[in-house]
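Here is what each chain is made of, one letter per residue.
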Amino acid sequence: MLLEKKNAIVYGASGAIGSAVAHAFAAEGARVFLAGRTTAALETVAEKIQASGGVADVASVDVLDEAAVEAHADAVVRNAGSLDVSFNAISLPQTGIQGTPLADLSFDAFDLPMATYPKANFLTARAAARRMTGQGSGVILTITASPSRTAVPLMGGMAPAWAAIEALSRGLAAELGPHGVRVVCLNAAGMPETPQLSEVYGLHADAYGITGDAFAARMADRTLRKQLPTVAEIANVAAFVASDRSSAMTGAIANLSGGMIAD
């Protein structure tokens, strides 16, 4: 298995992407540590992983609380012996953030993703880096979306926040590479089967005066394969990138946009 004997933290593990990645990690042999704000939701994910033969632990962690993130990382290493993979999949509700022109957007609405996503990724990645450099190995994964690299209207502060995470990932990769630690960012186009993307597509559809399905079709048509990526596809790549089979990959922005962005 790709991740046998690895210990992985997944932040935002009760969400659609976080839970799918946690399942993929566990299926590949990792012991997964599910972190998030709502213990009951995390327990549901853990029970499904355990029912499939995987090993999962649960902890309530506020990723914007520096002390809480550090304490949890310490607990993982103390309990499992190492921290081998860290993946941050936290998210915010998008109503009030996307769907409004920048010229009409309030500062608070613009600032919310800017103050949340980069900070959360910095704190979790730093916690992982501090422990992985000591053991001489590890993989830190982040995730962004295609508007970080394209000109897309009505994104509010999301596109700049994602761009900041990508820059953070590259900087970390440069600093941590000599210590045996890899950093890779997954850049995905929207996955409309997730509740958040249904919300987002609805916001954009309303702004354009079309249906949500019509907007989703418009997005799919922008990809080369005329099909948006699925959560399962993202999770499968995350498991592969976290494994030693991707040992030459670091400082990369893995393009999972279905060709919406052509590298």
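Just above, that's the structure.
Source: prediction; values computed, not measured. (Residues numbered from 1 in each chain as written. Predicted model: local features only at pLDDT ≥ 70, side-chain atom pairs only at ≥ 80, totals over all residues. Heavy atoms only, no water.)

Undergrad: Run through the pairing of strand β3 (residues 55–60), naming residues and quoting values.
TA: Residues in a regular strand project their side chains so that they alternate between the two faces of the sheet. Pairing of strand β2 (residues 31–36) with β3, which is carried by six bridges, proceeds in the parallel orientation. Paired with Leu-34 across the two strands is Val-58, which belongs to β3. Assessed by its sense of winding, the connection that carries the chain from β2 through helix α2 (residues 39–51) to β3 is right-handed. (Pairing = 2+ DSSP bridges. Helix = DSSP H or I, 4+ residues; strand = E, 2+ residues; numbered from the N terminus. Right-handed = clockwise from strand over helix to strand, strands pointing away.)

Undergrad: Describe unusual backbone geometry, with residues and values.
TA: Of note, the phi angle at Leu-154 is positive, near 70°, even though the residue is not glycine. Assignment of secondary structure puts Leu-154 in the loop between β5 (138–145) and α5 (158–176). Accessibility expressed as a relative area gives 14% for Leu-154, which makes it buried. Backbone geometry places Lys-226, a non-glycine residue, at a positive phi of 55°. As for its position among the elements, Lys-226 is in the loop between α7 (212–221) and α8 (231–242). (Buried < 20%, exposed > 50% of the residue type's maximum accessible area, 1.4 Å probe, protein only.)

Undergrad: How would you explain the nonpolar core if you had to name every residue and give the values?
TA: In this structure, Phe-25, Val-32, Leu-34, Ile-49, Phe-87, Leu-141 and Leu-186 are the most contacted members of the largest nonpolar core, which totals 37 residues. By residue number, the principal contributor to this core is α8, which donates seven residues. Excluding residues within four positions of it along the chain, Phe-87 makes contact with Ile-9, Val-10, Tyr-11, Ile-17, Val-21, Phe-25, Leu-141, Thr-142, Ile-143 and Leu-186. Counting residues in hydrophobic clusters, the runner-up holds 34 residues, among them Ala-73, Ile-140, Trp-162 and Leu-172. (Core = buried A, V, L, I, M, F, W, Y, C linked by side-chain atoms within 4.5 Å. Contact = heavy atoms within 4.5 Å.)

Undergrad: Can you break down the environment of Phe-33 residue by residue, with the values?
TA: Structurally, the position occupied by Phe-33 is in strand β2. Residues Phe-33 and Asp-57, spaced 24 residues apart in sequence, show a C-alpha to C-alpha distance of 4.8 Å. Aside from chain neighbours lying at most four places away, what touches Phe-33 is Asn-7, Ala-8, Ile-9, Val-10, Asp-57, Val-76, Asn-79 and Ala-80.

Undergrad: Describe in detail the side chain of Thr-142, supporting the description with residues and values.
TA: Structurally, Thr-142 is set in strand β5. Using a relative accessible area of 2% as the deciding quantity, one classes Thr-142 as buried. Side-chain polar atoms of Thr-142 contact the side chain of Ser-169, separated by 2.9 Å. Residues in contact with Thr-142, not counting those within four places in the same chain, are Phe-87, Asn-121, Ile-165, Ser-169, Val-184, Cys-185 and Leu-186. (Polar contact = N/O pair within 3.5 Å; in protein donor to acceptor, adjacent residues only side chain to side chain.)

Undergrad: I'd like a description of helix α3 (residues 66–80), backed by residues and values.
TA: Relative to the 21 Å expected for 15 residues at 1.5 Å per residue, α3 spans 21 Å between its end C-alpha atoms, a close match to the ideal helical length. For α3, the secondary structure elements touched by its buried residues are β1 (7–11), β2, β3 and α4 (107–135). The residue sitting at the N-terminus of α3 and contributing the capping side-chain oxygen is Asp-65; that oxygen lies 3.1 Å from the backbone nitrogen of Ala-67. (Expected span 1.5 Å × (residues − 1).)

Undergrad: So what about the packing of aromatic side chains? Which residues, and what values?
TA: Applying the stated rule across the entire model yields two aromatic pairs. With centroids separated by 5.2 Å and ring planes inclined at 70°, the aromatic side chains of Tyr-201 and Phe-215 adopt a geometry described as edge-to-face. Here the residue Tyr-201 occupies a position in helix α6 (residues 195–208), and Phe-215 occupies one in helix α7, the gap between them amounting to 14 residues. With a relative accessible area of 5%, Phe-215 lands in the buried category. (Phe/Tyr/Trp six-rings, centres within 6.5 Å; stacked < 30°, edge-to-face > 60°.)

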